[in-house]
Amino acid sequence: MSTDAKNSIAQMEKIVSLCKRRGFIYQSSEIYGGCGGVWDYGPLGAELKRNLRSAWWNTMTREREDVLGLDASILMNPAIWKASGHVDTFADLMRECSLTNKRVRADHVEPQDGVVMKYSGATSPTGWRWDRTVSGLLKNGEHIESFRKRIRALIAQNAGESAGKPEEIELLNEEKIDAVNGSVDFHPETGGALGEARPFNLMLKTYLGPTATEADVTYLRPETAQAIFAQFKNVFDSSRVKVPFGIGQIGKAFRNEVTPKNFTFRSREFEQMELEFFIKPDEAVEIISGEVAAWSEGADLSEPKPNWGWQMWHRYWVDQRTKFYEGIGLGDVLEYYWQTPADLAHYARACVDILCEFPFGTEELEGIAARGDFDLSQHQKHSTKSLEVFDEELKTAAAKLTPEQKEALIQKRLAAEAAKTKGEPMPEADVRAWFERLFKGNYVPHVIEPSAGLDRMALAVLAKAFSETEKVDEKGKKEVITVLHLHPRVAPIKVGVFPLLKNKPELVAKAREVYALLKKHMNCFYDETASIGRRYARQDEVGTPFGVTIDFETCGEKGPELLDTVTLRHRDSGEQERVKISDLLGKLLPLVS
Ligand code: GAP
């Protein structure tokens, strides 16, 4: 393993350990040995997540006039998952190990070198017998005896108690088959030969109702987005909005991930923050505005314009989301992956993954997709309920078009359909029928979907904030100091409040007063134990950006000019300033919210 890889693992281990030690994240059901791919957030983790959730909700809904919120249920009619394609296609291709039946994602198998060994079966002195031809990879550099020991242990593990002790298992008819280079046909952990790739659906099945028959099957939602599509018409009809507008939702999602990994990065239960931003089809924009703005490098994305088509809206949301990440301290660790036409689903026009630097590599934090009208059209088709909107402005503008202008629009669309490299082109009759409805002001809106994961975001800010430095104390002893440089907006505790000494009632009373004043407005922590340096260090370790110390000056012992002032310490610069208690809230609130 390279030094870089070792350092990354060590860094991740330190973050995981800090998360447990200080109450950010625990393994779910830890006292029972855990529950794979599921995590619990402790007191500080819950605050961190709450801050991230609020930052998203406020930026994406409350502070905008064109986005509304939704809080839909996790369980829905299973027909939704059929219409969305999740029942048929939300699957990973998996391969099964012939020795252990352990599955691995087909695209997660790294190439390996070695010699293929084959056995016709195994027996043990208990009378147990295994009549199955198996093969495994003797990796380059691995001793044949340790390979056999490994194979015996894996077989014993799989067979259970009846096989007896692993070292007493006899492997039958060993054969050296072939030397292989760069083979992806062996399980990365066990070395057992892998079977054919088969699809494995990631949705978690459950039953609605007491009979638990196949007719009652439904799923825990694998994404929050579909509820937005399913409720699109209700929100539209009840909220007096006009396209373009969006619906945002935050909530739990569940995926039976085959290989949950990298702490909370890929979990089986997680939270998503999704926006479905509904826009007019480009043809409607062209009819109303006479043109569709084309995107070019440096285009002004600050304010949406009526002539924006899907491309400008997509770029706009990438820009908005980037600004959001800058606002929570992740600006300088982001990268972008623009999916190529080969990566894109047949209905998608563009998709960009916002990637973030984690200790284990640069990985996806959020995806922003331009999905056309695929989702609403699917639900319209499967539910047989109209999900069209009526646009008066469009109808009026279309009425002014000459037949030639209308035909030119149709021809342009037919040419685009004919040029499609993925999916079936829309038949001409359907194109003409679609335009007929469009010219009357009716269409199914298209959508831009910025979809982020809250747990990944929390992990990203923790990883970015984590730092360690070595210090030598007064006694010459080296110690490692951990600081979380969390952005004040997301930090779980905003201010630590400390009386300089706990045995001075006047200091304690004043500190309690300051604590009571601040805690109504932000999450604060009161601490009077240990030296003041120790207390600062404890707060630095959990990312508290500010410390307020109440000392003798506060009580007026060093003159009236310092009466009712406190020391305000800034975590990152170590700077300390004298602030009047009456100015404290006004100074801190804008920094933490
Ligand atoms: N509606 C689109 C959608 O769900 P996705 O790329 O599958 O798209 C969006 O998921 C985001 O949800 C990802 O970028 C990631 O942040 C988060 N996410 C997806 N699967 C996850 C998992 N197993 N664990 C944690 N977060 C996950």
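Here, the structure is the one placed above.
What you are looking at is a predicted structure, and each value in this text was computed from that prediction instead of being measured.

It is worth spelling out the packing of helix α15 (residues 505-519) against helix α17 (residues 581-592) at this point. Packing of α15 against α17 leaves a shortest axis separation of 11 Å and a crossing angle of 35°. Read as a crossing pair, α15 and α17 show a hand that is right-handed. Each of Lys-510, Val-514, Leu-517 and Leu-518 in α15 lies in contact with α17, whose residues at this interface are Ile-581, Leu-584, Leu-585 and Leu-588. Each residue belonging to the contact of α15 with α17 can be placed in one class, and the counts come to seven nonpolar, no polar and one charged.

Now for the sheet that holds strand β11 (residues 175-183). Strand order across the open sheet formed by three strands is β9-β6-β11, with antiparallel pairing between neighbours. Edge strands, defined here as strands with exactly one partner in the open sheet, are β9 (134-139) and β11. Looking at each pair of strands side by side, their axes are set apart by 30° on average, direction ignored.

In this section: the site of the ligand. Around the ligand there are 19 residues in total, and Glu-223, Arg-255, Ser-267, Glu-274 and Glu-364 lie nearest to it. Arg-255 has a polar side-chain atom sitting 2.8 Å from an oxygen atom of the ligand. In isolation the ligand has 550 Å² of accessible area, and contact with the protein removes 87% of it. At the level of elements, β16 (269-279), β19 (361-370) and β22 (446-453) are the ones that each hand at least two residues to the shell around the ligand. Residues that form the shell around the ligand fall into these classes: five nonpolar, five polar and nine charged.

Turning our attention to the environment of Leu-344. Residue position: Leu-344 is located in the loop between β17 (334-338) and β18 (350-358). For Leu-344 and Arg-371, which are 27 residues apart along the polypeptide, the C-alpha to C-alpha distance reads 9.9 Å. Ignoring sequence-local partners within four residues, the contact set of Leu-344 consists of Gln-339, Arg-349, Ala-350, Cys-351 and Lys-422.

Now for the sheet that holds strand β28 (residues 565-570). Strand order across the open sheet formed by five strands is β26-β25-β27-β28-β29, with mixed pairing between neighbours. Taken across any chain shown, the strands that pair with only one partner, and hence form the sheet edges, are β26 (524-526) and β29 (576-580). For this sheet, the mean angle separating the axes of adjacent strands, direction not counted, is 25°. Relative to β26, strand β25 (residues 495-499) is paired through three bridges, and the arrangement is parallel. Within β26, the position partnered with Val-495 by the bridge is Cys-524.

By the element assignment, Ser-54 lies in helix α2 (residues 43-62). Given the relative accessible area of 33%, Ser-54 is considered partly exposed.

What follows is about the pattern of salt bridges. Within this structure, the stated rule accounts for 41 salt bridges. In this structure, the salt-bridge partner of Lys-82 is Asp-88, at a minimum N-O distance of 2.9 Å. The salt bridge involving Arg-432 is made with Glu-407; its shortest N-O contact spans 2.9 Å. Here the residue Arg-432 occupies a position in helix α13 (residues 428-439), and Glu-407 occupies one in helix α12 (residues 403-418), the gap between them amounting to 25 residues. By relative accessible area, Arg-432 is classed as partly exposed at 28%.

The subject of this paragraph is the nonpolar core. Phe-24, Leu-52, Trp-317, Tyr-325, Ile-328 and Ile-448 are the most contacted members of the largest nonpolar core, which has 62 residues in total. Of all the elements in the fold, those that place two or more residues in this core are α1 (3-21), α2, β16, α9 (310-327), β18, β19, β22 and α14 (454-465). Here the element with the most residues in this core is α14; it accounts for nine residues. If sequence neighbours within four positions are ignored, Ile-448 has contacts with Leu-275, Glu-276, Phe-277, Ile-279, Trp-310, Trp-313, His-314, Trp-317, Ile-368, Ala-369 and Ala-370.

Our next topic: the packing of aromatic side chains. Throughout the structure, instances matching the rule amount to 22 aromatic pairs. Both rings, one in Phe-265 and one in Phe-360, keep their centres 5.4 Å apart while their planes meet at 70°; by these two values the pair is edge-to-face. Note that Phe-265 is positioned in the loop between β15 (245-254) and β16 and Phe-360 in the loop between β18 and β19, a separation of 95 residues in sequence. On the accessibility criterion, Phe-265 (5% relative accessible area) is buried. Each ring, one from Trp-313 and one from Tyr-316, has its centre 5.4 Å from the other, and the planes form 90°; the classification is edge-to-face. Here the residue Trp-313 and the residue Tyr-316 both occupy positions in helix α9, the gap between them amounting to three residues, near one helical turn. In this structure Trp-313 comes out as buried when scored by relative accessible area, which is 4%. Taken together, the ring pairs connect Phe-229, Phe-232, Phe-236, Phe-245 and Phe-278 into an aromatic cluster. In this arrangement the basic side chain of Arg-315 is found over the ring face of Trp-295, its NZ or CZ atom lying 3.4 Å from the centre. A cation over an aromatic ring shows up here: Arg-321 above the ring of Phe-324, its NZ or CZ 4.4 Å from the ring centre.

Parameters and conventions
Residues numbered from 1 in each chain as written. Predicted model: local features only at pLDDT ≥ 70, side-chain atom pairs only at ≥ 80, totals over all residues. Heavy atoms only, no water. Axes fitted to C-alpha atoms, helices over the stretch in contact; angles between N-to-C directions. Helix = DSSP H or I, 4+ residues; strand = E, 2+ residues; numbered from the N terminus. Left-handed = near helix turned anticlockwise from the far one by under 90°. Contact = heavy atoms within 4.5 Å. Nonpolar A, V, L, I, M, F, W, Y, C, P; charged D, E, K, R; others polar. Pairing = 2+ DSSP bridges. Near = heavy atom within 4 Å. Polar contact = N/O pair within 3.5 Å; in protein donor to acceptor, adjacent residues only side chain to side chain. Areas by Shrake-Rupley, 256 points an atom, 1.4 Å probe, with all protein chains shown as cover. Buried < 20%, exposed > 50% of the residue type's maximum accessible area, 1.4 Å probe, protein only. Salt bridge = Lys/Arg side-chain N within 4 Å of Asp/Glu carboxyl O. Core = buried A, V, L, I, M, F, W, Y, C linked by side-chain atoms within 4.5 Å. Phe/Tyr/Trp six-rings, centres within 6.5 Å; stacked < 30°, edge-to-face > 60°. Lys NZ or Arg CZ within 6 Å of the ring centre and 35° of its normal.

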